[in-house]
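# What the coordinates show
Now for the letters of each chain:
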Amino acid sequence: MEVAISSARASGTHPAPDELSAQQKIEIYRLMFLSRSVDDREVLLKRQQKTFFQISTAGHEALQVGAALALRPGYDWFFPYYRDGALCLALGVTPYDMMLQAAGAATDPASGGRQMPRHWSSRALHIVSTSSSTATQLLHAVGCAEAGRAFSKHPEIAAKAEGDYRAFHDVEFHGDEVALACVGEGSTSQGEFWEAINTASNQKLPVIFCVEDNGYAISVPVEVNTPGGNISRLVANFPNFYFAEVDGNDPVASLRAFQAAAAHCRAGHGPALVHGHCVRLYSHSLSDDDKNYRSASEREADLMCDPIARMRSRLIDEGILTVPEIDELERKLEAEAAEAAERALEAPLPTVEGITEHVYSEDLDPARAAFATEQPQVSSESNGAPATGHKSVGAHTMADLINSCLRDEMRRDPRIVIYGEDVADASRVEALSEAKGKGGVFKLTAGLQTEFGSERVFNSPLAEANIVGRAVGYALRGMKPVVEIQFFDYIWPAMHQIRNELALIRWRSNGTWAAPVVIRVPIGGYLTGGAIYHSQSGESIFTHTPGLRVVFPSNALDANGLLRTAIRCDDPVLFFEHKRLYRETYGRAEYPGPEFAIPFGKAKIVRPGSDITLVTYGALIPRAMQAAQHAQREHGIETEILDLRTLNPYDWEAIAESVRKTNRVIVAHEDMLSWGYGAEIAARIADELFDELDAPVRRIGAMDTFVAYQPKLEDAILPQPENILKAIVDLSRY
Ligand SMILES: Cc1ncc(C[n+]2csc(CCOP(=O)(O)OP(=O)(O)O)c2C)c(N)n1
Ligand SMILES: [Mg+2]
């Protein structure tokens with residue numbers, strides 16, 4: 001076993017800083033000064049109201065240029081944050097590119113005018129699209145490094161394949177690549193910072209974390225965010241790390257720190273953290289005025305540390321450039337920034353027609369016919385036989401057929417990795433010689449680690465943002481993570497990653513990046529004792545997030561076919577699995593074979609009828625069936641039940657066709673009534689099908705409260721067949 005490197009004092013071991021040539025030092029200065037010139041020009045444009053936002057790099061140039069020069073654009077991977085202007089310039093982003101961002105131009109290469117300036121993205125340079133969210137990017141870097149390791153160990157899995165998302169993702173990798181992830185010192189308070197260094201440390205991943213410590217997070221000083229005021233001291237005991245704490249106002253010391261960090265990572269020893277002390281010379285952004293919370297003497301002290309003034313003096317003192325020469329260089333760089341701004345302001349603006357482009361994949365529509373296999377291909381079960389539950393033909397539960405879909409797809413697509421809490425059979429593999437394995441708290445992933453190995457099926461830390469954030473990183477490199485959130489009730493720590501990153505990365509990068517991840521989530525109640533934290537619904541929270549596909553099957557066969565489409569498609573998918581339906585007698589099916597797929601957005605009439613349409617999904621399907629049988633037997637009412645199966649996209653045509661036939665409609669779901677999924681469907685029916693209706697649109701849902709433990713209360717809170725029956729009878733009397 002290797003000795004863990006864990007010391008915040010490694011900075012003293014850097015090679016002597018002055019082996020750089022005069023030309024290299026001039027180049028460092030050129031990049032630093034160009035960055036400042038772009039900043040200053042952007043500030044001017046904002047003040048002239050020609051642009052709309054500015055956030056500067058001023059004071060961070062030395063640290064960032066040092067980082068960039070130690071690494072290789074288009075080879076290594078970069079996860080910058082909004083203050084990384086000098087880093088990106090030094091990697092190859094041009095001043096013109098930056099000015100296009102400031103202008104919000106159509107040709108802004110980072111986002112086509114969708115993101116604020118300084119939210120970077122360049123596929124060619126491997127700069128991954130940056131959001132405004134602080135620290136989310138760190139987990140992406142971790143997943144990116146994991147993907148790089150997977151491709152390097154198994155290069156054959158990078159091969160293109162037709163018929164699924166792989167056709168649209170070019171894979172690039174290098175065995176000694178590193179990922180750089182930058183963050184401000186204030187943002188190290190985010191859980192995602194600690195979740196990222198946890199996994200990077202545990203898995204010895206080649207990630208360099210760069211903490212740009214300017215002493216402030218907007219107006220909040222470092223000691224408020226960081227106990228003791230120094231992040232290096234707090235992280236020093238994480239195993240396998242190389243640590244360096246440097247004067248981030250010194251570009252040469254910074255360069256050396258990053259070179260040492262990169263060498264540590266490239267050699268496979270583990271991650272690194274470079275903590276650079278720098279200064280924030282301008283306010284947080286142009287929307288902030290630091291005179292409101294900093295003393296004049298403190299601000300003056302920062303100005304004395306200006307890394308540009310220091311480097312300028314150094315070039316002169318060392319006789320590398322004369323004052324007139326350096327003045328001349330600076331004039332040229334300022335002119336370059338000014339000329340870039342002028343050109344960018346002339347650039348075409350994005351069109352309104354283009355707004356909805358790249359919300360979803362334009363290459364692969366999961367609603368397309370190719371995802372529809374005509375009939376289940378019932379075949380011999382020797383290959384894909386489910387590992388859980390009943391084995392006899394026709395008796396497979398939803399749990400069985402989800403498990404068999406995962407197994408079949410893992411056999412077909414070597415880029416799939418499965419991870420989450422407890423999903424492995426056993427992290428301590430030796431236990432499997434005597435134990436049968438866990439395979440998920442609901443056993444949905446049972447046997448997968450045993451068949452596919454611990455590199456492809458493994459347990460994550462108990463941290464939901466970690467699960468989803470890493471998945472984003474994996475997916476943007478072309479891997480297919482199919483991850484599990486153990487209970488819907490605990491999806492919330494991952495909400496930030498799901499909404500602001502996973503669902504958004506394609507649109508905000510104008511189609512340059514995508515994260516087609518599948519998140520499987522056990523959901524719902526009717527458990528008799530499930531109570532508040534094991535019974536939640538809440539699907540409308542996610543259908544309210546553009547970019548995310550939302551699936552909610554009600555039976556074993558649909559679960560199998562829809563999960564296959566989810567895995568093969570090119571969009572992020574939230575795949576809800578109702579816990580109560582996992583092993584229900586209702587909806588069991590035969591194993592449909594390894595190619596059975598159901599397109600998204602195709603509802604199914606699970607009970608035809610002519611009097612009333614009942615639109616629903618999930619666990620309300622068997623309950624609605626029960627109610628409909630009673631309505632027919634006791635009242636002679638024929639209810640047509642439509643199982644939506646996917647909630648985004650949803651099958652509006654099927655709803656409309658049924659309502660045109662029955663002229664009466666109920667929308668029912670298990671989730672709370674108010675602001676629930678049914679509200680949107682009911683509103684659209686009232687709006688677009690008003691003339692077809694003979695009665696008001698009715699909704700059924702849970703009471704507007706959480707689900708209680710005592711079964712008497714649970715029964716009252718969640719919609720029951722009797723509630724549905726009553727609504728059917730009432731509505732038929734209109
Ligand atoms: C998750 C999240 N919370 C809050 C904000 C608002 N915000 C933007 S920058 C910032 C301060 C960040 O400070 P630091 O990490 O030290 O970076 P710096 O701006 O100083 O370089 C805050 C609170 C945000 N963008 N994201
Ligand atoms: Mg800061």
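Residue positions are given per chain, counting from 1 as you read along its sequence in written order. Following the order in which they are written, the chains are lettered starting with A and the ligands numbered starting with 1. Two thresholds apply to this predicted model, a pLDDT of at least 70 for residue-level local features and 80 or more for giving and counting side-chain atom pairs, whereas whole-chain, interface and lining totals are computed over all residues. Side-chain figures throughout are based on the complete set of non-hydrogen atoms in the structure, without hydrogens or water.

### Brief notes about the sheet that holds strand 13 (residues 573–578)
Within the open sheet, the seven strands sit side by side as 9-8-10-11-13-12-17. Their pairing is mixed. Of all the strands in the sheet, just strand 9 (457–459) and strand 17 (646–648) have a single pairing partner and so form its edges. Strand-to-strand twist across the sheet, computed as the mean angle between neighbouring axes with direction ignored, equals 20°. Alignment of strand 8 (residues 416–420) against strand 9, held across three bridges, turns out to be parallel. Looking at the pairing, Tyr 419 lines up with Phe 458 of strand 9. By the convention used here, strands pair only if DSSP detects at least 2 bridges between them. Working definition: helices are DSSP H or I runs of at least four residues, strands are E runs of at least two. Numbering for both runs from the N terminus. An axis is simply a line fitted to the C-alpha atoms; with a helix, the fit covers only the stretch in contact. Between two such axes, the angle follows the N-to-C directions and lies from 0 to 180 degrees.

### A few points about the coordination of the magnesium ion (ligand 2)
Here the coordinating atoms are restricted to nitrogen, oxygen and sulfur within 2.8 Å of the metal centre, or 3.2 Å for Na, K and Ca, and because water is not among them the sites may look incomplete. Protein coordination of the magnesium ion (ligand 2) is provided by Glu 185 (OE), Asn 214 (OD1) and Tyr 216 (O), with donor distances spanning 2.1 to 2.2 Å. Throughout this description, buried means an accessible area under 20% of the type-specific maximum (1.4 Å probe, protein chains only), exposed means over 50%, and partly exposed covers the range between. With a relative accessible area of 2%, Glu 185 lands in the buried category.

### Quick word on the confidence of the model for the chain
Averaged over the chain, the pLDDT score is 94; the fraction of residues at 70 or greater is 95%. pLDDT is a per-residue confidence score from the predictor, ranging from 0 to 100. Working rule for contacts: check all heavy atoms of both residues, and any pair within 4.5 Å makes them a contact. Scored below 50 in pLDDT, residues 389–393 makes 11 contacts in the model with residues more than four places away or belonging to other chains.

### Comments concerning the pattern of salt bridges
Whenever a carboxyl oxygen of Asp or Glu lies within 4 Å of a side-chain nitrogen of Lys or Arg, that contact is scored as a salt bridge. By the definition in use, this model includes 46 salt bridges. When the shortest N-O distance is used, the salt bridge between Arg 470 and Glu 146 registers 2.7 Å. Of the two residues, Arg 470 is situated in helix 15 (residues 464–476) and Glu 146 in helix 5 (residues 136–153); the sequence distance between them amounts to 324 residues. A residue is classified by how much of its surface remains accessible, and Arg 470, at 0% relative accessible area, is buried. Residue classification places Glu 146 among the buried positions, given a relative accessible area of 4%. Between Asp 164 and Arg 166 there is a salt bridge; the shortest N-O distance is 2.8 Å. Relative accessible area serves as the criterion here: at 0%, Asp 164 is assigned to the buried category.

### Side note on empty space enclosed by the protein
Lining residues are defined by having an atom within 4 Å of a point belonging to a cavity or pocket. Those points lie on a 1 Å grid over the protein atoms alone, cavities being sets where a 1.4 Å probe fits but cannot get out and pockets being open sets with protein on both sides within 12 Å along at least five of seven lines. Grid points are joined across faces, edges and corners, and a volume is the space filled by probe spheres set on the points. The final tally for this structure, using the stated rule, is five cavities of 30 Å³ or more. Every residue lining the largest cavity is listed: Phe 79, Pro 80, Val 128, Ser 129, Thr 130, Ser 131, Ser 133, Thr 136, Gln 137, His 140, Glu 501 and Arg 508. Among the elements that take part in the lining of the largest cavity, helix 5 stands out by supplying three residues, more than any other. Lys, Arg, Asp and Glu make up the charged group, whereas Ala, Val, Leu, Ile, Met, Phe, Trp, Tyr, Cys and Pro make up the nonpolar group; the residues left over, Gly among them, are polar. For the lining of the largest cavity, the residue count by class is three nonpolar, seven polar and two charged. If you add up the space inside the second largest cavity, you get close to 50 Å³. What lines the second largest cavity is Tyr 81, Tyr 82, Thr 130, Ser 131, Ser 133, Thr 134, Ala 135, Gln 137, Val 183, Gly 184 and Ser 187. Partitioning the lining of the second largest cavity into residue classes produces four nonpolar, seven polar and no charged.

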